[in-house]
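Tertiary structure, described
Each chain, written out:
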Amino acid sequence: MDIFLPIAHMDVNLLVILFFGGIVGFLSGLVGVGGGFLITPLLLFIGVPPLVAVASGAAQIVGTSASGSYAHWRLGNVDFRMALVLLVGSWTGGAVGVHIAKVLQAGGDFGTIVTFLYVGLLGIVGASMLIESVNALRGSRRNKQGKTDTTEASGNGGWMTRLPLQMNFPVSQLKLSLIVPVVIGFGVGILTSLMGVGGGFIMVPVMIYMLRMPTKVVVGTSLFQLLFTTAEVSILQAGVNHAVDPFLALVLVIGSALGTQWGTRLGTRLPGEQLRLILALVVVAVAVKMLFGILIKPHDVYSLVLAQ
Amino acid sequence: MKMMKFSLAALCLLPALALAANAPAASSSAPRLVTELTRDHVDISTRYKGDEITLFGAMTSPAQVVVKITSPIQPVSIKQKGRVGPFWLNVAKYDVANTPGLYYLLSSAPLDQLLPSAAVRTRYGLAITDALAHVQISPKPEDADKLRQTLLSLKAAKHEYISDGSAVKISGKRLYYATIRLPAQLPLGVYGVDIYLVRNGQVIATDHRSINVAEVHVEHWISNITSNFSWIFGVSFTFAMMMLGLFLGVVLGRGRNSKKA
């Protein structure tokens, strides 16, 4: 079942890639996180060149987020005005990021930067998930009769209301400066192009806690924004960097579509807090493995790669 | 079994060789050799995982045989890692131009025994270091010799530069054959196959064949569109991924998505 990847220039076992897609889809079905941040490290572990891993990862997310976005759009869970403002930022960030990737790749530093970004990101995400799930497990044991949900009703921080270019977002029932979502979008766009992630794990908490959007429209708007950001980055990575591997992306999408179904089915039957703990441990383990990769002296300090 | 087959095939070449040797030419007594390949082309398809081509032939008088296979030029980069604080990072990168991707020296005995004179080996490019005869390394390394050695050992480790003194078999003092093993990843283009008949430290006859390595069908089409029409590819592929995602969602989900929301 070996297949030659035309852009990655390597042989891979089709089933391994299908399995990777499956794991990520399974996790996203199970726990609800996108899982794009696990695909790139997995591809790097089997020797896919970093830029190809990141670019094909973005293309894969286009496929995996399409049906979810459509479903939320049909249900009216998308704040289009907010999504468009975010997209102004993320499309700019995506274009800038793809060109940064091109420059880093030419200098031979892209792989290093990706590793550092992932160690940092997975470290932070994994650690906070770990803390959160441990707290949740403890809390659910201590007082099972009722949880004390203390959502602060204090509203936006003062500085956000004082920024210029205020705009009304009727669907989210918000008045907000345009600058905030554009800047957030820009950051997510950069992450998508440099790391091959959708950025939902950043966008969702930012929308809930920082922008204080109603939870009902958060997931739909975030997915919609993410779909078009990854689509832009995927086009640019193919056009500018010739780094999107069609076979890799296709097999990943099929794998993750299958995995998602399985994960969703299982997720309804298994306890959520334990699942989150397992995912947190997986994320931390991947971060640690990547960190060891740059901490341990390599077998050979010299290595040979095909010139671009 | 395999050896029998090629020996028989090579035997068929003998009459032709005898005719050629007996032909009234200026050097009718000069040793001659005739070589054939089981295939002169390699098709790179999606399922290509490496290939084997057998070279076989006959010679008019007993001698040793050396086969040199040279691929087209394939630019590579050498990355050097070094300690930066607690980390091992790439600290230098050298671009290597003008060297063949593959360089195989296959012979019936070790080359330094067959051709003791280094000058003779160099004349025919029959030392592994000759692969780097026209190498250009940029930026200029501090210690160029050391980097060349590093390049040779990296290439050897990947089995891309091979010197094998037992790869050519000789049977019955007249027939020879060797298996050329091509890796899964290799540069495209025309590979030169040079055959040298060696006796008493001298090359006494040569022959030349070539192997054409080319992409076929889908593979050719994909590499053409992704490199020459990268924007069209990017837009249409991304759109196709979106459609595939929707399709899979509908087929596998059947309303599951709306339930989740």
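What counts and what doesn't
Residues numbered from 1 in each chain as written. Chains lettered and ligands numbered in written order. Predicted model: local features only at pLDDT ≥ 70, side-chain atom pairs only at ≥ 80, totals over all residues. Heavy atoms only, no water. Salt bridge = Lys/Arg side-chain N within 4 Å of Asp/Glu carboxyl O. Buried < 20%, exposed > 50% of the residue type's maximum accessible area, 1.4 Å probe, protein only. Pairing = 2+ DSSP bridges. Helix = DSSP H or I, 4+ residues; strand = E, 2+ residues; numbered from the N terminus. pLDDT = per-residue confidence, 0-100. Contact = heavy atoms within 4.5 Å. Buried area = accessible area lost by both parts, 1.4 Å probe. Polar contact = N/O pair within 3.5 Å; in protein donor to acceptor, adjacent residues only side chain to side chain. Nonpolar A, V, L, I, M, F, W, Y, C, P; charged D, E, K, R; others polar.

Things to note about the pattern of salt bridges
Residue and element names in this part refer to chain B. Following the criterion strictly, the structure yields six salt bridges over all chains and no others. We note a salt bridge from Lys93 to Asp95, for which the minimum N-O separation is 3.9 Å. Overall, Lys93 belongs to the partly exposed group, its relative accessible area being 23%. Judged by its relative accessible area of 33%, Asp95 falls in the partly exposed class. A salt bridge links Glu160 to Lys155, with the shortest nitrogen-to-oxygen separation between them at 2.9 Å. Among the residues examined, Glu160 registers a relative accessible area of 8% and is labelled buried. One salt-bridge network, held together by shared partners, links Glu36, Asp207 and Arg209.

Points about the pairing of strand E1 (residues 2-5) of chain A
Residue and element names in this part refer to chain A. Pairing of E1 with strand E2 (residues 10-13) involves four bridges; the strand directions are antiparallel. Bridge pairing in E2 links Asp2 to Asn13. In textbook terms, the turn of a hairpin is the stretch between consecutive antiparallel strands, and for E1 and E2 this stretch comprises four residues, one of which, His9, has a positive phi near 55°.

Side note on the confidence of the model for chain B
All names here are of chain B. Averaged over all residues, the pLDDT of chain B equals 85, while 85% of them reach at least 70. Confidence drops under a pLDDT of 50 for residues 21-27, and excluding neighbours within four residues, the segment shows three contacts in the predicted structure. Per-residue pLDDT stays below 50 along residues 257-261; that stretch engages in nine contacts with residues further than four places along the chain or on separate chains. In the predicted assembly, ipTM is 0.84 and pTM is 0.80.

With respect to the interface of chain A and chain B
On the side of chain B, 52 residues touch chain A, which itself brings 61 residues to the contact. Between chain A and chain B, roughly 5000 Å² of surface is buried when both sides are summed, and carbon and sulfur atoms account for 70% of that area. Summed over the shared surface of chain A and chain B, the number is zero salt bridges. For the pair chain A and chain B, the interface holds ten residue pairs in polar contact (both at pLDDT 80 or more). The element that contributes the greatest number of residues to the side of chain A that touches chain B is helix H10 (residues 246-267) of chain A, accounting for eleven residues. Taken together, the residues of the side of chain A that touches chain B break down into 40 nonpolar, 16 polar and five charged.

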